[in-house]
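Survey of secondary and tertiary structure
One-letter residues, chain by chain:
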Amino acid sequence: MNWEIDEDALIAWRRDIHANPELGFHETRTSGLVAELLEGYGIEVTRPTPTSVVGLLRGARPGRTVALRADMDALPVEEETGEPFSSKVPGVMHACGHDTHTAMLLAAAKTLAGLRDELAGNVTFLFQHAEEHPPGGAVEIVAAGALGGVDGVFGLHVMNQKAGTVTIARGAASTAYDGGMLTIQGRGSHGSMPQHGIDPVVVGSEIVLALQTVVSRSIAPDHFAVVTVGSFNSGEAPNIIPDTAHLALSVRTTNPEDRETVGRRVREIIAGVCAVHGATYTLDWEPGYEAIQQDDGAAELAFGAAATALGEDRVAWGPGTSASEDFSVYAARVPGCFIFFGGGDESEGFPFQNHHPKFNVKESALIDGARLEVQIALDFLAAE
Ligand SMILES: [Zn+2]
Ligand SMILES: [Zn+2]
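Residues numbered from 1 in each chain as written. Chains lettered and ligands numbered in written order. Predicted model: local features only at pLDDT ≥ 70, side-chain atom pairs only at ≥ 80, totals over all residues. Heavy atoms only, no water.

Once that is clear, we can look at the coordination of the zinc ion (ligand 2). By definition of the ideal shapes, four donors in a tetrahedron about a metal sit 109.5 degrees apart, and six donors in an octahedron sit 90 or 180 degrees apart. Taken together, Cys96 (SG), His98 (NE2) and His157 (NE2) make up the protein donors of the zinc ion (ligand 2), found 2.1 to 2.4 Å from the metal. Sequence positions of the residues that donate to the zinc ion (ligand 2) give the spacing C-x1-H-x58-H. The metal-metal distance between the zinc ion (ligand 2) and the zinc ion (ligand 1) is 3.1 Å, with Cys96 coordinating both. (Donors = N, O, S within 2.8 Å, 3.2 Å for Na, K, Ca; no water.)

Mapping Asn360 onto the fold places it in the loop between strand S14 (336-342) and helix H9 (366-382). Here Arg14 takes part through its side chain, which lies 3.4 Å from a polar atom of the side chain of Asn360. Within the local environment of Asn360, its side chain forms a polar contact with the side chain of Glu83, the two groups lying 2.6 Å apart. (Helix = DSSP H or I, 4+ residues; strand = E, 2+ residues; numbered from the N terminus. Polar contact = N/O pair within 3.5 Å; in protein donor to acceptor, adjacent residues only side chain to side chain.)

Among soluble globular proteins, nonpolar side chains are generally buried collectively. Counting 63 residues, the largest nonpolar core has Leu112, Val123, Phe125, Phe127 and Phe154 as its most contacted members. Looking at this core, the element that brings in the most residues is H9, giving 10 residues. Setting aside its immediate chain neighbours within four residues, Phe125 contacts Ile43, Val53, Val54, Gly55, Leu57, Leu68, Leu105, Ala109 and Leu112. With 24 residues, the next largest nonpolar core counts Leu182, Ala225, Val227 and Ala279 among its residues. (Core = buried A, V, L, I, M, F, W, Y, C linked by side-chain atoms within 4.5 Å. Buried < 20%, exposed > 50% of the residue type's maximum accessible area, 1.4 Å probe, protein only. Contact = heavy atoms within 4.5 Å.)

So, about the layout of surface pockets. Rolled over the atoms, a probe as big as a water molecule pinpoints where empty space is left. Estimates place the volume of the largest pocket at around 450 Å³. Lining the largest pocket are 20 residues, with Cys96, Glu132, Ala323, Ser324 and His355 positioned closest to its centre. Going through the elements one at a time, strand S5 (152-159) and S14 are the ones with two or more residues in the lining of the largest pocket. For the lining of the largest pocket, a count of residues per class yields nine nonpolar, seven polar and four charged. Each pocket or cavity is described by its volume, and for the second largest pocket that value is around 210 Å³. What lines the second largest pocket is a set of 16 residues, and nearest its centre among them are Val54, Leu56, Thr124, Gly145 and Ala146. Among the secondary structure elements, those contributing two or more residues to the lining of the second largest pocket are strand S1 (44-46), strand S2 (53-58) and strand S4 (120-128). Tallied by class, the residues present in the lining of the second largest pocket amount to seven nonpolar, eight polar and one charged. (1 Å grid on protein atoms, 1.4 Å probe; cavity = no way out; pocket = protein on both sides within 12 Å on 5 of 7 lines; lining within 4 Å. Points joined across faces, edges and corners; volume = space filled by probe spheres on them. Nonpolar A, V, L, I, M, F, W, Y, C, P; charged D, E, K, R; others polar.)

Here we come to the domain arrangement of the chain. In terms of domains, the chain is made up of domain 1 (7-173 + 291-382) and domain 2 (176-287). Here the C-alpha centroids of domain 1 and domain 2 sit 38 Å apart. At the junction of the two partners, domain 1 supplies six residues and domain 2 supplies seven residues. A per-residue breakdown of the area domain 1 buries against domain 2 is headed by Ala291, Ser322 and Ser324, which together make up 65% of the total. (Domains from an automatic or database assignment. Buried area = accessible area lost by both parts, 1.4 Å probe.)

Describing two packed helices takes the angle between their axes plus the distance from one axis to the other. With their axes 10 Å apart at the nearest point, helix H1 (residues 7-19) and H9 run at an angle of 110° to one another. Of the possible angle classes, the one that applies to H1 and H9 is roughly perpendicular. You can see that H1 and H9 cross each other, and the crossing is right-handed. Residues Glu7, Leu10, Ile11 and Arg14 of H1 touch H9, and the partners they reach there are Leu366, Ile367 and Ala370. A per-class count over the contact of H1 with H9 returns five nonpolar, no polar and two charged. (Axes fitted to C-alpha atoms, helices over the stretch in contact; angles between N-to-C directions. Parallel < 35°, antiparallel > 145°, perpendicular 65-115°, else oblique. Left-handed = near helix turned anticlockwise from the far one by under 90°.)

Across the sheet, eight strands lie side by side as S1-S2-S4-S3-S5-S14-S6-S13; this open sheet has mixed pairing. Of all strands in the sheet, those bounded by a partner on one side alone are S1 and strand S13 (315-317). Geometrically, the sheet is characterised by an average inter-axis angle of 25° between neighbouring strands, direction not taken into account. Relative to S4, strand S3 (residues 61-71) runs parallel, the two sharing eight bridges. Within the sheet, the bridge partner assigned to Val66 lies in S4 and is Val123. Each of S3, S4, S5, strand S6 (166-168) and S14 touches H9; the most contacted strand, S3, lies at about 150° to it. (Pairing = 2+ DSSP bridges.)

With that settled, the discussion passes to the sheet that holds strand S11 (residues 244-253). Taken in spatial order, the four strands line up as S9-S11-S7-S12 in an open sheet, and their pairing is antiparallel. Both outer strands of the open sheet, strand S9 (225-234) and strand S12 (280-287), are each paired with one neighbouring strand and no more. The mean angle between the axes of side-by-side strands here comes to 15°, regardless of whether they run parallel or antiparallel. The strands that helix H5 (residues 200-218) touches are strand S7 (176-185), S9 and S11; relative to S9, the one it contacts most, it runs at about 170°.

With 17 residues, helix H3 (residues 98-114) should reach 24 Å at 1.5 Å per residue; the first-to-last C-alpha distance of 25 Å fits that figure. In terms of burial, H3 is largely enclosed, as 15 of its 17 residues are buried. (Expected span 1.5 Å × (residues − 1).)

So, about the coordination of the zinc ion (ligand 1). Donor atoms from the polypeptide that coordinate the zinc ion (ligand 1) comprise Cys96 (SG), Glu132 (OE) and His355 (NE2), at 2.0 to 2.2 Å from the metal. Residue class for Cys96 comes out buried when judged on its relative accessible area of 8%. On the accessibility criterion, His355 (38% relative accessible area) is partly exposed.

Structural data, given as structure tokens:
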């Protein structure tokens, strides 16, 4: 089977989308562009939400269905790359590379549409809105039924690693994130008369220290878990015992049972320490994205496709990221694999990480990302 990627179109789309970034749930222009292009290639288009697009390419013969996913949202960041195609929107930038994800998947869709007569099975293209903010767009796409009939799901993310290289994690590819705001209600008093008060500074301090035992005493030593108190605010004067204290907590885990355990221990410690001191509290706990759990078979298939499309020397097994991603929503329902794709590293003139105002990618690598997506789809549909 002979095929190629329309690199000129890919780069032009990337620059156009990069120059016109849109925040999550506001991807009106981007999703309109995607829908129009897919329809032009004869791909059946549905719009599960106002700013997301799902495309279905039906092959000439029956077979399995593989889904490829790209996210389309930008970030509230003021761009500082100095590129001629820099963001035209003040304070909004494609600082996570979702412009490149969208352009690469469009290029892959164009190529696959041209191969329709040779395909046994279908390809679903998930152009997702709002990845950057939990609860995220993937939940809505799945709720709309876009994974119906899908047998495998794949997505890639540009990362600050050597351009055109591929890293695939086994097991967890990202972490689950949960966080909360804790307000401790004590009783204010004169600083010289502590016996009349309930000091929320002391209560909060005990909670911070006790939380350090959650990971060290309740989680297996070879599991990943982090509990962080990122802020602690209370009081204003040396001679006043304040009424309240406010703490912000975040938790990251990769194992669902650990996630449950850490969340439970955090609550127990807060409740217990407050009770001992006669304080009360409110805890606004926001569950974030779950960890991406890679399917072994899907990861092996992606690894093999990367070796075929890009060469064995450019693909390696590696660790997951400590960040979180809502690709986890798809991978929890359908066997899936999330792939880290090199957009260039410091030695190539790309020293900045995703979300930095100067984050950028080596454009010549993007054709390889599109090649990889096409190869994954072909390999998946060819496999039994
Ligand atoms: Zn991001
Ligand atoms: Zn991202």
